[in-house]
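Report on the structure
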Amino acid sequence: MKQLLVKVFLGCKRVYSTLHFLLSKFAGQQSLPYKRWLQYNKGRMHGFQPQLCYAPFRNLFVSLEGRVYICCRSSVVLGTYPEQSIEEIWRSEHVKKIRRSIRRGIFPDECKDCRHWFETNQSSLMFSKTFDRYSFRTRYRYPASLDLWLDNRCNLECVMCNEFESSTHRMKKNLEPLNMPYDESFIQSLAPFLPYLKHINCCGGEPFLINIYYSLWELIARVNPSLRINVLTNGTVLTPKAKELMEKARFFIMISIDSLNKESFEKIRKNAIFEDVMKSFEYYCDYSKRKGNLLSVSFTPSIHNWQDLPAMIDFCNNHQTGINISTVVFPEELSLNSLSYSDIVHVVEVLTAHRLEQNSLQSRENNARYMEFVQTITQWKDAKVVSIPAMN
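This report concerns the structure included in the present document. (Residues numbered from 1 in each chain as written. Predicted model: local features only at pLDDT ≥ 70, side-chain atom pairs only at ≥ 80, totals over all residues. Heavy atoms only, no water.)

Focus on the overall build of the protein chain
On a plain count of helices and strands, the protein chain comes out with 15 helices and 11 strands. Taken against the 2.2 N^0.38 rule, which gives 21 Å for 392 residues, the C-alpha radius of gyration of the protein chain at 22 Å falls within 12% of a compact globule. Across its three principal axes, the protein chain shows a C-alpha extent of roughly 70 × 55 × 50 Å. Within the span of the protein chain, comprising 392 residues, buried residues form 50% of the whole. Residue pairs at least 24 apart in sequence account for 68% of intrachain contacts in the protein chain once pairs closer than 6 positions are excluded. Element-wise, carbon and sulfur atoms account for 54% of the exposed surface of the protein chain, whose accessible area totals about 19,100 Å². Once the 50 positive and 39 negative side-chain charges of the protein chain are each reduced to a mean point, those two points are 10 Å apart. (Helix = DSSP H or I, 4+ residues; strand = E, 2+ residues; numbered from the N terminus. Rg over C-alpha atoms; globule rule 2.2 N^0.38 Å. Buried < 20%, exposed > 50% of the residue type's maximum accessible area, 1.4 Å probe, protein only. Contact = heavy atoms within 4.5 Å. Areas by Shrake-Rupley, 256 points an atom, 1.4 Å probe, with all protein chains shown as cover. Lys, Arg positive; Asp, Glu negative; His and termini not counted. Charge placed at Lys NZ, Arg CZ, Asp CG, Glu CD.)

Thoughts on the sheet that holds strand β4 (residues 145–148)
The strand order across the open sheet formed by 9 strands is β3-β2-β1-β4-β6-β7-β8-β10-β11, and the pairing between neighbours is mixed. Of all the strands in the sheet, just β3 (79–80) and β11 (322–325) have a single pairing partner and so form its edges. Bridge count between strand β6 (residues 199–202) and strand β7 (residues 228–233): 4 bridges; the pairing is parallel. Each residue of the ladder has a partner; that of C202, found in β7, is V231. Together, β10 (296–299) and β11 form the strand contacts of helix α13 (residues 309–319), whose direction differs from that of β11 by roughly 155 degrees. (Pairing = 2+ DSSP bridges. Axes fitted to C-alpha atoms, helices over the stretch in contact; angles between N-to-C directions.)

Structural notes on the packing of helix α14 (residues 341–353) against helix α15 (residues 361–383)
Interhelical geometry of α14 versus α15 gives an angle of 160 degrees and a closest axis separation of 10 Å. Judged by the angle between their axes, α14 and α15 are roughly antiparallel. In terms of crossing hand, the pair formed by α14 and α15 is left-handed. Here Y341, I344, V345, V347, V348, L351 and T352 of α14 lie close against α15, whose contacting residues are Y370, F373, V374, I377, T378, W380 and K381. (Parallel < 35°, antiparallel > 145°, perpendicular 65-115°, else oblique. Left-handed = near helix turned anticlockwise from the far one by under 90°.)

Quick notes on α14
Every α-helix carries 3.6 residues per turn, so stepping three or four residues along brings you back to the same face. End to end, α14 covers 18 Å across 13 residues, agreeing with the expected 18 Å (1.5 Å per residue, within 8%). For α14, every residue scored as buried is listed here: I344, V347, V348 and L351. On an axial view of α14, the arc spanned by its buried residues comes to 95 degrees, and they lie on one face. Away from its buried face, by an angle of more than 90 degrees, α14 presents the exposed residues S342 and A353. (Expected span 1.5 Å × (residues − 1). Arc of directions from axis to C-beta.)

Spelled out as structure tokens, the structure:
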């Protein structure tokens, strides 16, 4: 019965979205060709949507050193804190201009990453689909989601990371710490947003090592304890204070595990101890089941660990956890796209041959993410030109 209702709901979304698009097209408010819009929407996990992206209408990304963007994939700064308040940036003419562009079916310069993947038919790499859960309305007083990257303090030296994202990398290169303008006054400036937010995403660095997040979580526990707090952790830090706050608020944990093989894991996540991270995973598993929250695993497939992905999918399906597969594009030397044609053919063959178990709604969602990743690697394979010498 539940599956039938889901199908009916998705069917209604498709009809509504199509009518919305065609009416906008008829009124001269939409420049995107219908066939291209249709192709893009067929690959959206949450079903058809009228707009290309909902980030400009529902999200802000507050990044290191006070810079604020539409989302974490945007390269154009909307404003800088504390020179401008977060609310001033949200209501700025710059943001309104981006919204007008998206309504016309155009990814503006602020969204050139997604525009590139859209124009090259690699929609599985488009971060824009992350915000589909916030459709259909595009007029709100406050955002529904805040992405926060308030510090880069981290205890690991992951091979795919760098001195900008990890303080440990930065220290090893004898670089000065980044200037972080976030203090208690910043946390208080977020108070008007909290009653309207549905999600707040806290990343780092390692969030459980970043003191300013603890102040934020205390405020959320008082003002809006039902707010979903998404935390991406490396699983090495689990303090009594963190456990106390997790009981007061609604935490959805995503733990980074890039291999179930100890040697491979510790080679990628330098300074981490595999057994300690798996102990944290068990704690988060118990917490999430008790609270009714989804626990997820973040897996970053690269040339070092792609062969471990099938086992990780099975692991997540068996534990009924979600999975996020972060495709490595940079650094280029770690990306599967750097492999030779014959090697990437082998990768596709191995991943495609894996038999996926579909015994629950969560496993079907995990498997969809797996196949989306395989599709991306297949597109990379197909894009490689193989030169065959002409026969005389």
